[in-house]
Amino acid sequence: MKRKLFFSTVVLFALAANAQVKSTFKGQDPITAVSTVTRPVQKQWKGVFDKTGDEVFFGNNFAGARLNGVVKIDETTFSVLITPENTPINGSPWYAFKVWSKTNKEIKIRFDYPQNVKHRYNAKISNDGKKWEASQNGTFVKREKDSNYVLTVKVSKDTTWIAAQELKTSKDIKEWISALKNKNNTAETSIGLTAEGRKIPVFSIGNTSSKNKILISGRNHPPEVTGHYALEAFIESLTADTPLAKKFRKKFEVYVIPLLNPDGVDGGFWRHNSGGIDLNRDYNDFNQPETKAVRDFLKNEIKGENKLLFSIDFHSTHDDIYYTVDPELKGNIPGFVPNWLNKVKDGIPGYTPHVKPLYFKPPTFTLFSYLFETYKTEALVFEIGDSTPKDFIKKKGEVSGEEFMKLILESSKN
Ligand SMILES: [Zn+2]
């Protein structure tokens, strides 16, 4: 009985804590101007960190890696230094590295970030860089004024991969595009090149001669992998062989730009592109090659009678939220976004989304606000929480795609 009481108290406490997190999540503050003129980024040293004795080794020689230093504290404890590409920067300390040892052993890895940077991502572990699991063996250890995230992990001569989120590099995204059915382009089609010469991939779905266009985009910000999973599920519902998707594809064309910042993703960056800039603050001044490429691609496509009806830009943040255009402002299909969000809510029992208007007037800074101002597109930002479970993301992406197709088909009848 006592035990039962204890258990229910713990459950109640957990529920209350969870409810508190939900109700106190307010989303981000209004976006203000920052310079988007190219700034230098710190080059990451790549190789095997071999000043850690002759037992345990760390490496960062792969796309998406971020590891800036390793210090051996004792035989089984190592400190990893994780620093951003440049500063000032949003506090999203991305990390990804490999570790192996001569013999099987359990080690502790202490994460050290620059001052005032808080640990954000619970470690994901993999044996092959493809299949990942969230580690349950991370804890916070108090140290002087701060506390550090410390991960306990079993290592062996086989490589263990440790990362902030599952790795989804430009190569992985190309493979995903290649495997998609019912699309009009190859994984090599692009809207232009980054400063480091990477292609910014684009493909389209549906009827290329339709005047009714839609844009789906993602990965302005490199660590936002959970947002990418929602984009995948959304797009897979649009490319499915269902009667609804077939009907939708006859009437509309959807452009998909799933990887706006390939340099940042492959460079293991926290936030910026290789020009050291947050791309989602540059859709007013267009100083960066990635934002210019988006602008010029759309200028070329959305002309004459073509309309850009709707757009989603996928991101990740601390919790699921939608950032919308001020409901007082009227776009191409007034009321479309709130109607759609209600349908998605009804389609996922027990789910109450956070919705916050984040664009009110120019200047635009962000992609979704640029599209609204330029094309009167019903545009929004679709944010997934850093720790939102993958099966829920998939379900949400699918329901979002299906409800979107139903609603836009209905809206276009009038
Ligand atoms: Zn973002």
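Residues numbered from 1 in each chain as written. Predicted model: local features only at pLDDT ≥ 70, side-chain atom pairs only at ≥ 80, totals over all residues. Heavy atoms only, no water.

Going by an unreviewed UniProt entry, the protein chain carries the name Peptidase M14 domain-containing protein and comes from Flavobacterium hercynium. Turning to the protein chain, the UniProt record has this under Cofactor (unreviewed entry): "Zn(2+)". (UniProt positions renumbered as here; feature names shortened; annotations may be inferred.)

So, on to the overall build of the protein chain. Within the protein chain, the secondary structure is distributed over nine helices and 20 strands. At 22 Å, the protein chain has a C-alpha radius of gyration in line with the 22 Å of a compact globule built from 414 residues. By its C-alpha atoms, the protein chain is 70 × 60 × 40 Å across when sized along the principal axes. Sorting the 414 residues of the protein chain into buried and exposed places 54% on the buried side. (Helix = DSSP H or I, 4+ residues; strand = E, 2+ residues; numbered from the N terminus. Rg over C-alpha atoms; globule rule 2.2 N^0.38 Å. Buried < 20%, exposed > 50% of the residue type's maximum accessible area, 1.4 Å probe, protein only.)

Attention shifts here to the domain arrangement of the protein chain. Looking at the protein chain, the domain boundaries give domain 1 (48-163) and domain 2 (170-411). One C-alpha centre belongs to domain 1, the other to domain 2, and the line joining them spans 32 Å. Between domain 1 and domain 2 the total buried area reaches about 1,500 Å² when both faces are included, carbon and sulfur atoms providing 53% of it. The interface formed by domain 1 and domain 2 holds two salt bridges in total. Our count for the domain 1 to domain 2 interface comes out at 13 residue pairs in polar contact (both at pLDDT 80 or more). Residues that form the side of domain 1 that touches domain 2 fall into these classes: eleven nonpolar, five polar and four charged. (Domains from an automatic or database assignment. Buried area = accessible area lost by both parts, 1.4 Å probe. Salt bridge = Lys/Arg side-chain N within 4 Å of Asp/Glu carboxyl O. Polar contact = N/O pair within 3.5 Å; in protein donor to acceptor, adjacent residues only side chain to side chain. Nonpolar A, V, L, I, M, F, W, Y, C, P; charged D, E, K, R; others polar.)

Let's shift gears to the pairing of strand β4 (residues 77-81). Burial runs high along β4: four of the five residues are buried. Alignment of strand β3 (residues 69-74) against β4, held across five bridges, turns out to be antiparallel. The residue bridging V71 from the neighbouring strand is S79, located in β4. Bridge count between β4 and strand β6 (residues 105-112): five bridges; the pairing is parallel. Its bridge partner lying in β6, T77 is registered against K108. (Pairing = 2+ DSSP bridges.)

Taken in spatial order, the five strands of this open sheet run β3-β4-β6-β10-β9, and their pairing is mixed. Of all strands in the sheet, those bounded by a partner on one side alone are β3 and β9 (138-143). Across the sheet, the axes of successive neighbouring strands diverge by a mean angle of 30°, strand direction being ignored. Of the strand pairs in this sheet, β9 and strand β10 (residues 146-155) are connected by six bridges, and their pairing is antiparallel. Its bridge partner being in β10, K142 is matched across the sheet by S147. (Axes fitted to C-alpha atoms, helices over the stretch in contact; angles between N-to-C directions.)

With respect to the helices, strands and loops of the structure, H272 is situated in the loop between α5 (262-266) and α6 (289-301). Polar contacts involving the side chain of H272 include one to the main-chain carbonyl oxygen of G276, which spans 3.3 Å. Contacts of H272, omitting those with residues within four sequence positions, involve R39, E85, N86, P88, I89, P222, N261, G264, I277 and D278. (Contact = heavy atoms within 4.5 Å.)

Looking at the zinc ion, the protein donor atoms are H221 (ND1), E224 (OE), E224 (OE) and H315 (ND1), and they sit 2.1 to 2.4 Å from it. Each of the four donor atoms around the zinc ion contributes to a set of angles spanning 56 to 147°, which defines the coordination as irregular. Between the donor residues of the zinc ion, the gaps in sequence give the motif H-x2-E-x90-H. Here H221 is found in the loop between β15 (212-218) and α3 (225-238), whereas its partner H315 is found in strand β17 (residues 307-317), with 94 residues between them in sequence. Each member of the pair, H221 as well as H315, carries the same accessibility label: buried. (Donors = N, O, S within 2.8 Å, 3.2 Å for Na, K, Ca; no water. Tetrahedral: all angles 85-135°; square planar, octahedral: opposite > 155°, others 65-115°.)

Where α6 contacts helix α8 (residues 367-375), the two axes come as close as 12 Å, and the packing angle between them is 30°. Between α6 and α8, the interaxial angle falls into the category roughly parallel. Crossing of α6 against α8: the hand is right-handed. Packed against α6, whose contacting residues are V294, R295, L298 and K299, the element α8 presents L367, Y370, L371 and Y375 at the interface. When its residues are assigned to classes, the contact of α6 with α8 shows six nonpolar, no polar and two charged. (Parallel < 35°, antiparallel > 145°, perpendicular 65-115°, else oblique. Left-handed = near helix turned anticlockwise from the far one by under 90°.)

What follows deals with the sheet that holds strand β14 (residues 203-206). Strand order in the open sheet formed by seven strands is β14-β16-β15-β17-β20-β18-β19, and the pairing between neighbours is mixed. Each edge of the sheet is formed by a strand with only one pairing partner; in this case those strands are β14 and β19 (355-359). Strand-to-strand twist of the sheet, defined as the mean angle between neighbouring strand axes without regard to direction, takes the value 25°. As paired strands, strand β18 (residues 321-325) and strand β20 (residues 378-385) are joined by three bridges and run antiparallel to one another. If you follow Y322 over to β20, its bridge partner there is F382.

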